[in-house]
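# Descriptive structure summary
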Amino acid sequence: MSMGFVKSAYIKENFGGNKMFKKLKDKKGFTLVELIVVLVILAILAALLIPALTGYIDKAKEKSIIAETRQVVVAAQTLGDEVYAKNDVGSGVTFAAAAGDGVNVTFADVADLGEVTADNIKAIEWNDGKISHVKYEKDKKTCDYYAEASTATGSKHDAGYTVS
C-alpha cells in the first residue's frame with residue numbers, strides 16, 4: 001500500500017472527498033478587499049502614533065539641551081570658584097569665548113570640564129560669586145539658565161532653565 005493512497009483516503013474521509021479539498025487547495029492568497037482593510041487599519045494606526053512619537057522626540061531633545069546646559073553651569077561655577085579663590089578680595093571672574101586681557105576663564109575651559117562643545121556656549125555671566133546666566137545653543141534650540149528671576153523691563157525671565 002502506497003502513502004499516496006493513505007493520504008487520499010484520509011482526505012476523502014475527513015474533508016468530504018476531492019471536491020472539497022480541491023476548493024481549499026485552489027484558494028490562494030488574500031482578496032483585494034482583505035488587503036485594503038489591512039492597509040486602512042495600518043494607516044489609522046500610523047496616523048495616531050506619528051504625532052505622539054514626534055512629541056516624545058521633541059521632549060527628549062529639550063531635556064538633552066537642558067542637561068548639557070546644566071553641565072556648563074556646574075563646570076563654569078567650578079572654574080569660577082577656583083579663580084575667585086585665587087584672586088584678591090574684590091576681584092571678579094570674567095568668562096569669554098577667547099583668552100584676552102581680564103579674561104579668567106574661556107568657554108573652551110568650561111566646555112572641556114563640562115564635556116560639551118565650546119562653540120555651543122554663547123554666554124556666561126558671573127555676579128556676586130556665582131553663575132548668574134548661561135546661554136547654550138544646540139540643534140537650533142537655545143537654553144537659557146538664570147540663577148534668579150528678573151522683572152526688569154526688557155529682560156523679564158524666570159529663574160531656572162528655559163528652552164526656546
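Notes on the structure in this doc start here. Source: prediction; values computed, not measured.

Parameters at a glance
Residues numbered from 1 in each chain as written. Predicted model: local features only at pLDDT ≥ 70, side-chain atom pairs only at ≥ 80, totals over all residues. Heavy atoms only, no water. Core = buried A, V, L, I, M, F, W, Y, C linked by side-chain atoms within 4.5 Å. Buried < 20%, exposed > 50% of the residue type's maximum accessible area, 1.4 Å probe, protein only. Helix = DSSP H or I, 4+ residues; strand = E, 2+ residues; numbered from the N terminus. Contact = heavy atoms within 4.5 Å. Phe/Tyr/Trp six-rings, centres within 6.5 Å; stacked < 30°, edge-to-face > 60°. Pairing = 2+ DSSP bridges. Salt bridge = Lys/Arg side-chain N within 4 Å of Asp/Glu carboxyl O. Axes fitted to C-alpha atoms, helices over the stretch in contact; angles between N-to-C directions.

In this section: the nonpolar core. Core analysis: the largest hydrophobic core is formed by 23 residues, its most contacted members being V72, F95, V110, I121, I124 and I131. Contributions of two or more residues to this core are made by α3 (32-86), α4 (107-114), β3 (121-127), β4 (130-138) and β5 (141-146). No other element matches α3, which puts eight residues into this core. What V110 contacts, discounting residues up to four positions off in sequence, is V72, A75, A76, L79, F95, V105, I121 and I124.

Before going further, it helps to examine the packing of aromatic side chains. Counted according to the given criterion, the structure contains three aromatic pairs. Seen from their ring centres, Y84 and W126 are 6.0 Å apart, and the 50° between their planes marks the pair as tilted. Residue Y84 is located in helix α3, and its partner W126 is located in strand β3; the two are separated by 42 residues in the primary sequence. Relative accessible area serves as the criterion here: at 41%, Y84 is assigned to the partly exposed category. Look at Y145 and Y161: their rings are 4.9 Å apart centre to centre, the planes differ by 40°, and that puts the pair in the tilted class. Note that Y145 is positioned in strand β5 and Y161 in strand β6 (residues 160-163), a separation of 16 residues in sequence. For Y145, a relative accessible area of 15% puts it in the buried group.

Summarising the sheet, β3 and β4 pair through six bridges and their orientation is antiparallel. Its bridge partner being in β4, I124 is matched across the sheet by V134.

Counting across every chain of the model gives two salt bridges. A salt bridge links E68 to K138; the nearest nitrogen and oxygen atoms lie 2.6 Å apart. Of this pair, E68 sits in helix α3 while K138 sits in strand β4, and the two are 70 residues apart along the sequence. On the basis of relative accessible area, K138 is assigned to the partly exposed category, the value being 28%. One salt bridge connects K130 with E148, and the closest N-O pair in it is separated by 3.3 Å. Here K130, found in strand β4, pairs with E148, found in the loop between β5 and β6; they are 18 residues apart in sequence, far enough to count as distant.

The four strands lie next to each other as β3-β4-β5-β6, forming an open sheet whose pairing is antiparallel. Bordering the open sheet on either side are β3 and β6, each of which pairs with just one other strand. Going from strand to strand, the sheet's axes swing by 10° on average, the running direction of each strand aside. Pairing between β5 and β6: four bridges, direction antiparallel. Counted as the bridge partner of Y145 is Y161 from β6.

Along the chain, the position of T142 falls in strand β5. Residue T142 is classed as buried on the basis of its relative accessible area, which comes to 15%. Excluding residues within four positions of it along the chain, T142 makes contact with I65, K135, Y136, E137, T162, V163 and S164.

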